[in-house]
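A closer look at the structure
Listed here are the chains, written in short residue letters.
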There are 2 protein chains.
Amino acid sequence: MAAYIEPRILKGFRDFLPAQEIERRNLTEKIEESFRSFGFVPIDTPALEYTEILLGKGGGETEKQVYRFQDAGGRDIALRFDLTVPFARFIAGHRSELTLPFKRYHIAKVWRGENTQRGRYREFTQCDFDIVGSGSPAADFEILLMIQAALSAAGAGTIKIRLNHRGLFNRFLAYIDAAEHSTEILRTVDKLAKIGRAETASLLQEIIGKDKAEKTLEFIEAGAGDNPLAFEDTLNLIEKAAGGPCPEAERLRIIRRFMMDTGTEGFFILDPSITRGLDYYTGIVFETFLDALPEIGSVCSGGRYDNLAGLYSKENISGVGASIGLDRLIAALEALGKSAAEKSYSALIIACTDEMLSGAYQALANRFRVRGIACEVLFEAGKVSDGKALTKQYILAEKKGAKWLAVPGSNVLSDPLTLRNLEKRENSEGVSFDEAAAIIEQS
Amino acid sequence: MAAYIEPRILKGFRDFLPAQEIERRNLTEKIEESFRSFGFVPIDTPALEYTEILLGKGGGETEKQVYRFQDAGGRDIALRFDLTVPFARFIAGHRSELTLPFKRYHIAKVWRGENTQRGRYREFTQCDFDIVGSGSPAADFEILLMIQAALSAAGAGTIKIRLNHRGLFNRFLAYIDAAEHSTEILRTVDKLAKIGRAETASLLQEIIGKDKAEKTLEFIEAGAGDNPLAFEDTLNLIEKAAGGPCPEAERLRIIRRFMMDTGTEGFFILDPSITRGLDYYTGIVFETFLDALPEIGSVCSGGRYDNLAGLYSKENISGVGASIGLDRLIAALEALGKSAAEKSYSALIIACTDEMLSGAYQALANRFRVRGIACEVLFEAGKVSDGKALTKQYILAEKKGAKWLAVPGSNVLSDPLTLRNLEKRENSEGVSFDEAAAIIEQS
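The model shown is predicted, which means the values in this text are computed figures rather than measured ones.

On to the sheet that holds strand S13 (residues 375-377) of chain B, then. Residue and element names in this part refer to chain B. Here we have 5 strands laid out as an open sheet, ordered S13-S12-S14-S15-S16, and mixed in their pairing. Both outer strands of the open sheet, S13 and strand S16 (426-431), are each paired with one neighbouring strand and no more. This sheet shows a mean twist of 25° between the axes of neighbouring strands, independent of strand direction. Of the pairings in the sheet, the one linking strand S15 (residues 417-421) to S16 comprises 4 bridges and is antiparallel in character. Considered in S16, the bridge of Arg 420 is made with Asn 427.

This part takes up the pattern of salt bridges. Side chains that carry opposite charge are capable of pairing whenever their charged atoms lie near each other. Taken as a whole, this structure holds 68 salt bridges over all chains when the rule is applied. Asp 140 of chain A is the salt-bridge partner of Arg 251 of chain A, the closest N and O atoms lying 2.9 Å from each other. Placement of Arg 251 of chain A in helix H10 (residues 247-262) and of Asp 140 of chain A in helix H5 (residues 137-153) is noted, with a sequence separation of 111 residues between them. Accessibility assignment for this pair places Arg 251 of chain A and Asp 140 of chain A in one class, buried. The partner of Arg 276 of chain B in a salt bridge is Glu 287 of chain B, with the nearest N and O atoms 3.0 Å apart. Of this pair, Arg 276 of chain B sits in the loop between strand S8 (268-270) and strand S9 (281-290) while Glu 287 of chain B sits in strand S9, and the two are 11 residues apart along the sequence. Each member of the salt-bridge network shares a partner with another, and the members are Glu 21, Arg 25 and Glu 29 of chain A together with Glu 32 and Arg 36 of chain B.

Now for the interface of chain B and chain A. If you look at the interface, chain B gives 101 residues, while chain A gives 101 residues. Contact between chain B and chain A buries roughly 8,600 Å² in total, counting both sides, with carbon and sulfur atoms accounting for 62%. On the chain B side of the interface with chain A, the three residues burying the most area are Ile 5, Leu 10 and Phe 379 of chain B, jointly 9% of the side's total. Run the count over chain B and chain A and you get 12 salt bridges. Note that Arg 25 of chain A is salt-bridged to Glu 32 of chain B, the shortest N-O span being 2.4 Å. Connecting chain B to chain A are 32 residue pairs in polar contact (both at pLDDT 80 or more).

Time to look at the sheet that holds strand S5 (residues 102-111) of chain B. Adjacent strands of a sheet pair through backbone hydrogen bonds, lying either parallel or antiparallel. Residues and elements named next belong to chain B. With mixed pairing, 8 strands are arranged side by side in an open sheet as S1-S5-S6-S11-S10-S9-S7-S8. Unpaired on one side and paired on the other, strand S1 (41-42) and S8 mark the two borders of the sheet. Lying on the sheet, helix H11 (residues 247-262) is in contact with strand S7 (159-165), S8, S9 and strand S10 (300-305); it crosses S7 at an angle near 155°.

Another aspect to go through is the packing of aromatic side chains. Aromatic rings considered in pairs are described by the distance between their centres and by the relative angle of their planes. Throughout the structure, instances matching the rule amount to 28 aromatic pairs over all chains. Considering the side-chain rings of Phe 40 of chain A and Phe 129 of chain A, the 6.1 Å spacing of their centres and the 85° angle between planes classify their relative orientation as edge-to-face. On the criterion of sequence distance, the pair formed by Phe 40 of chain A in the loop between helix H1 (18-37) and strand S1 (41-42) and Phe 129 of chain A in strand S6 (residues 123-132) is long-range, its members being 89 residues apart. Owing to a relative accessible area of 0%, Phe 129 of chain A belongs among the buried residues under this scheme. Geometrically, the ring pair formed by Tyr 67 of chain A and Phe 69 of chain B is edge-to-face, given 6.4 Å between the ring centres and 70° between the ring planes. Residue Tyr 67 of chain A is located in the loop between helix H3 (60-65) and strand S3 (68-70), and its partner Phe 69 of chain B is located in strand S3 (residues 68-70); the two belong to separate chains. The pair formed by Tyr 67 of chain A and Phe 69 of chain B is uniform in burial state, with each residue classed as buried. Connected via pairs of aromatic rings, a cluster forms that spans Phe 13, Tyr 67 and Phe 69 of chain A together with Phe 13, Tyr 67 and Phe 69 of chain B. In this structure, Arg 104 of chain B is placed above the aromatic ring of Phe 87 of chain B, and the distance from its NZ or CZ to the ring centre is 3.8 Å.

Okay, the relation of the copies chain B and chain A next. Both copies of the chain are related by one operation, a rotation about an axis with a shift along it. With an RMSD of 0.0 Å, the operation that places chain B on chain A is a rotation of 180° combined with a shift of 0.0 Å along the axis. In the structure described here, the two chain copies are related by an operation that fits a two-fold rotation axis. Within chain B, the C-alpha atom positioned nearest to the axis of rotation is that of Phe 69 of chain B, 3.2 Å from it. When you check the interface residues of chain B against chain A, 100% turn up at the interface there too, and the contact is symmetric in its surfaces.

It is worth spelling out the environment of Arg 276 of chain A at this point. Residue and element names in this part refer to chain A. Sequence separation between Arg 276 and Gly 302 is 26 residues, and the spatial gap between their C-alpha atoms is 7.8 Å. The contact partners of Arg 276, leaving out residues within four places of it in the chain, are Arg 166, Asp 190, Tyr 281, Val 285, Phe 286, Glu 287, Ser 301 and Gly 302. At a separation of 3.0 Å, a polar atom in the side chain of Arg 276 contacts the side chain of Glu 287.

This part is about the pairing of strand S14 (residues 404-407) of chain B. Two faces make up the sheet, and in a regular strand the side chains alternate between them. All names here are of chain B. Judged by which residues are buried, S14 turns out to be covered on both faces: Trp 404 and Ala 406 on one side and Leu 405 and Val 407 on the other are all buried. Relative to S14, strand S12 (residues 348-350) is paired through 3 bridges, and the arrangement is parallel. In the sheet register, Ile 350 faces S14, and the bridge partner there is Ala 406. Alignment of S14 against S15, held across 4 bridges, turns out to be antiparallel. In the sheet register, Val 407 faces S15, and the bridge partner there is Thr 418.

Moving on, we come to helix H14 (residues 433-442) of chain A. Residues and elements named next belong to chain A. Where H14 is concerned, the buried positions are Phe 433, Ala 436, Ala 437 and Ile 440. For H14, the arc enclosing every buried residue in end-on projection is 95°, short of the 170-degree limit, so these residues lie on one face. Lining the buried residues of H14 we find strand S12 (348-350), helix H12 (358-370), strand S14 (404-407), strand S15 (417-421) and strand S16 (426-431).

Turning our attention to the domain arrangement of chain A. Examined at the domain level, chain A breaks down into domain 1 (18-335) and domain 2 (348-442). On a C-alpha basis, the centroid separation for the pair domain 1 of chain A and domain 2 of chain A is 50 Å.

Mean pLDDT for chain A: 92, with 96% of residues reaching 70 or above. Complex prediction metrics read pTM 0.94 and ipTM 0.93.

Here we take up the state of the cysteines. Residues and elements named next belong to chain B. Evaluation of the coordinates by the stated rule reveals 0 disulfides over all chains. The thiol of Cys 127 is not disulfide-bonded; the next cysteine sulfur, from Cys 300, is found 7.8 Å away. For Cys 127, a relative accessible area of 0% corresponds to the buried category.

Turning our eyes to something else, we now look at unusual backbone geometry. Residue and element names in this part refer to chain A. Residue Pro 101 follows Leu 100 across a cis peptide bond; omega there is -5°. Within the secondary structure layout, Pro 101 lies in the loop between helix H4 (84-94) and strand S5 (102-111). The backbone of Asn 307 sits at a positive phi, close to 55°, despite the residue not being glycine. Structurally, Asn 307 is set in the loop between strand S10 (300-305) and strand S11 (319-324).

Cut-offs and rules
- Residues numbered from 1 in each chain as written.
- Chains lettered and ligands numbered in written order.
- Predicted model: local features only at pLDDT ≥ 70, side-chain atom pairs only at ≥ 80, totals over all residues.
- Heavy atoms only, no water.
- Pairing = 2+ DSSP bridges.
- Helix = DSSP H or I, 4+ residues; strand = E, 2+ residues; numbered from the N terminus.
- Axes fitted to C-alpha atoms, helices over the stretch in contact; angles between N-to-C directions.
- Salt bridge = Lys/Arg side-chain N within 4 Å of Asp/Glu carboxyl O.
- Buried < 20%, exposed > 50% of the residue type's maximum accessible area, 1.4 Å probe, protein only.
- Contact = heavy atoms within 4.5 Å.
- Buried area = accessible area lost by both parts, 1.4 Å probe.
- Polar contact = N/O pair within 3.5 Å; in protein donor to acceptor, adjacent residues only side chain to side chain.
- Phe/Tyr/Trp six-rings, centres within 6.5 Å; stacked < 30°, edge-to-face > 60°.
- Lys NZ or Arg CZ within 6 Å of the ring centre and 35° of its normal.
- Least-squares fit on C-alpha atoms with pLDDT ≥ 70 in both.
- Arc of directions from axis to C-beta.
- Domains from an automatic or database assignment.
- pLDDT = per-residue confidence, 0-100.
- Disulfide = S-S within 2.5 Å.

Okay, structure coming up:
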């Protein structure tokens, strides 16, 4: 009685079969290509770090979710739960080796012991890109432009980036004398889309009273909604509400000018309700929605922060960055039918009618590969006596997901081929190598 | 008194700075491209699995090295220490979703609490590729051909794959009546290169006595050495030593034929001393050495195994596979001066002489990007009054590692550019966009 171990995986974790993994690779490769075209460079950091590094002063939800344990040497270690904290540690540790401004991307797995009942994964890929060491509005704008270029390259179509300035919101709160409650107000406002206007109003009233709550709602709803005002008009409204001309409004005007100069203004909405709940943002903040599927939520969010590495170094390094939600983006592309889930990279499969010719089949395959045509060979001829050997090869080739099958003659490298279009199930007889390669290249 | 957390990382773990990460990406991208051209498809599996799955019947060195802990739900879990065990579990769990033969590659991180004093890393990348579900010698040969193609694509130059057949060795041991000690003998022979002939002989004598030890040494040294015999001659010698014609020798003859048919015979040596210590190989086994740097050791090893998923399923699935040692390969390429460590993907940097023109600089950059030229813009003009603003941009651009710098006029999109060759430190004045793009494309 053999006892097999059930081949199960942990809840919240996933295997990626070839079709899924090819889909993910296709997407990340396009995004990476886009990052590189803007001069962003990749880094990598360890999956495991000292818990002290990852949790810093710690506390809260994060600490409960982290995979934390003692290694064999008794060290208190943990799996990274995001790419921001390791990046901060990286910047502090490698400051002297980096040229500022430093533009990096990092696409890697992170782990969180999330409640899987909410459909969350415990292992997922983050895709972060940041510019650190420049306080310039040009850096803010490049991150925004990068989002548009990366999502366009990913095939996500046109987008709307909803933009705001955290500093302008804080200035408004100071102006209405509510600055001391700014953290609670930010957290409440950040939930607006989720909990609705009425509950937001009621929560705000509890914090700062009816009058200020109304002013706050008026501020965050300025120019927004389904038919938002022009960027400048909204900007004028909130600038006034925050007490008149100020550096933050001026910065948004400069960024607006950059939009006009690149002809990208159609991708942006100034939306004062965008605050991002997290405390560390100090400048622009933004969320990104697909025009074709806004209801799936933001596929890329971020903002400007001061003092990234403050926990690990006394040097002040500010930056601006964003994170693409790959799982959500893939779900969106699938829902929009824009995700070509391929089973294989092979364009062509070479049939096997005589197993002793496998070397020659590989030599033929290599001629196609040299032409840039990904090509695989079948290994087994099947029983020739049953008369169905070739049919079985057709079926196998179709399952593998290639478009073309070549059946060589007995002089593999010199005889003409039979070329089968596996989608149309049509054969062309007597095709030369060059003709076959040309047909495949043009398809 | 601020208390900073020292930004240290765990011993045996590594950060990858951009130059290192770009080097690793360049390498794995070339290898992946090569895998894809042969029809191998990627998969991915979780970093964390049930310890029971990863350790199976467990025991030995592996168990001591694994990062193992209890998660918040009390599950006994561990980080994967290789990609073979998760692949076996994957095959057993997804058998019905896969078309056999199944050709997969998997490039991913693994973790082992190795003794770092031996220069080992505790986190490293494995690069495995396997064909499962075919017992054909054509599958064996494709793995061998794939090694040659992948290492050639990686820029490693010509190679020698030292090949043997574990089954033929076992047949020899049975023929000299030493089969019952095969595991110990295999482990001993596998250490030959490390411990030398004399100690191997002495260890073998302890196991099977002087006479059989001498026969074994004669077998494993047949045809090998610095001037190895031709493949067929060695094969004839060991076939005879193993008792005459047999299926294993016949299989090696077929594989040899495939080598001749592809003109790749120069890459292969039949070397009976190659046994691979691990127990699970049953057919061909091999190690790969760079002609330019054989002393660095094998950069790609593997073999044929039976019953991959036997721990998790009663279905017998055999396969053949190999693993490229990326760290060793990178070290070899660096030693050979074949590793072009780039700091950046950018070909061109656009200077900033007026920060208000940053939008226009991005519009110009985008024209280059559309032409396929990776291009980044600088954000800050520096103090124009000090007269050195442009010099500072030259220095920054050189540090970033690009080859070209463009200085636009005040009408960014229409004025001619100054194009600086950063390597030669030469400026060309009055260059149009098209001229600049053509110069960069041709460089």
